[in-house]
Amino acid sequence: MLRLGQQEVLLTAPPGGSGARLRELRSAWHDSGLPAKGYEAYRDEGWAWFVISGPAAPALMRRISMADLRPESLKPAHLAQTRALHLEAVVARFDRFGAVSYDIFLDIASAGFALDVLTETAAGTDAGFQLAALHPAE
């Protein structure tokens, strides 16, 4: 869960996961009898989600965002609403795969452009970044 504002959160399933826990949370929220529980803005098809992970991830992040996203500045489980890949984005840090990892969320309409920028920038680092699609394991 990412808190985007005082009254806004973004719920995600782990990359490569089944999304079962997310479906359970969504169902419990719908079934809740609380008098004030907010509004749902379901965005299944609205976000593009990129994960950048590995020992060279902080160096790549310096190249794609002017925000200070160094590991000592953006702590695990924290986020920044900023610009990355020349776009408005939400960047969260969730270390995984045994390394510093960043999740980048942006508008799906810009996904192709963002992937081109990311691919070209990663190639310029000579750090051996590889692209992989992480799909739900359903």
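Attention here is on the structure that accompanies the text. (Residues numbered from 1 in each chain as written. Predicted model: local features only at pLDDT ≥ 70, side-chain atom pairs only at ≥ 80, totals over all residues. Heavy atoms only, no water.)

## Looking at the pattern of salt bridges
Turning to step 1, where the next piece is worked out: Following the criterion strictly, the structure yields six salt bridges and no others.
Turning to step 2, where the next piece is worked out: The shortest N-O distance in the salt bridge between glutamate 88 and arginine 83 comes to 3.0 Å.
Turning to step 3, where the next piece is worked out: Aspartate 95 is paired through a salt bridge with arginine 93; the nearest N and O atoms lie 2.8 Å apart.
Turning to step 4, where the next piece is worked out: Taking the relative accessible area as the measure of exposure, aspartate 95 reaches 37% and is therefore partly exposed.
Turning to step 5, where the next piece is worked out: Relative accessible area serves as the criterion here: at 6%, arginine 93 is assigned to the buried category.
Turning to step 6, where the next piece is worked out: Through salt bridges with shared partners, one network takes in Asp68, Arg70 and Glu72. (Salt bridge = Lys/Arg side-chain N within 4 Å of Asp/Glu carboxyl O. Buried < 20%, exposed > 50% of the residue type's maximum accessible area, 1.4 Å probe, protein only.)

## Quick notes on the pairing of strand 5 (residues 87–93)
Turning to step 1, where the next piece is worked out: Among the seven residues that make up strand 5, six are buried, leaving the element largely enclosed by the rest of the structure.
Turning to step 2, where the next piece is worked out: The sheet contact formed by strand 4 (residues 79–84) and strand 5 spans six bridges and is antiparallel. Across the sheet, leucine 79 pairs through a bridge with alanine 92, a residue of strand 5.
Turning to step 3, where the next piece is worked out: Taking the residues between adjacent antiparallel strands as the criterion, strand 4 and strand 5 are bridged by two residues, where leucine 85 takes a positive phi near 60 degrees.
Turning to step 4, where the next piece is worked out: In this structure, strand 5 lies alongside strand 6 (residues 101–107), joined through four bridges in antiparallel fashion. In the strand pairing of strand 6, arginine 93 is matched with tyrosine 102. (Helix = DSSP H or I, 4+ residues; strand = E, 2+ residues; numbered from the N terminus. Pairing = 2+ DSSP bridges.)

## A word on the sheet that holds strand 3 (residues 47–53)
Turning to step 1, where the next piece is worked out: Spatial strand order, 3-6-5-4: four strands in an open sheet with antiparallel pairing. Each edge of the open sheet carries a strand with a single partner, namely strand 3 and strand 4. Sheet twist, expressed as the average angle between the axes of neighbouring strands with direction ignored, equals 30 degrees.
Turning to step 2, where the next piece is worked out: Pairing analysis gives seven bridges linking strand 3 to strand 6, with the strands arranged antiparallel. (Axes fitted to C-alpha atoms, helices over the stretch in contact; angles between N-to-C directions.)

## Details of helix 2 (residues 57–64)
At 3.6 residues per turn, the α-helix brings residues three or four places apart onto the same side.
Turning to step 1, where the next piece is worked out: Within helix 2, burial applies to Ala57, Pro58, Leu60, Met61 and Ile64. Seen along its axis, helix 2 keeps its buried residues to an arc of 160 degrees; they face one direction. Among the exposed residues of helix 2, those oriented more than 90 degrees off its buried face are Arg62 and Arg63.
Turning to step 2, where the next piece is worked out: Lining the buried residues of helix 2 we find strand 3, strand 4, strand 5, strand 6 and helix 3 (111–123). (Arc of directions from axis to C-beta. Contact = heavy atoms within 4.5 Å.)

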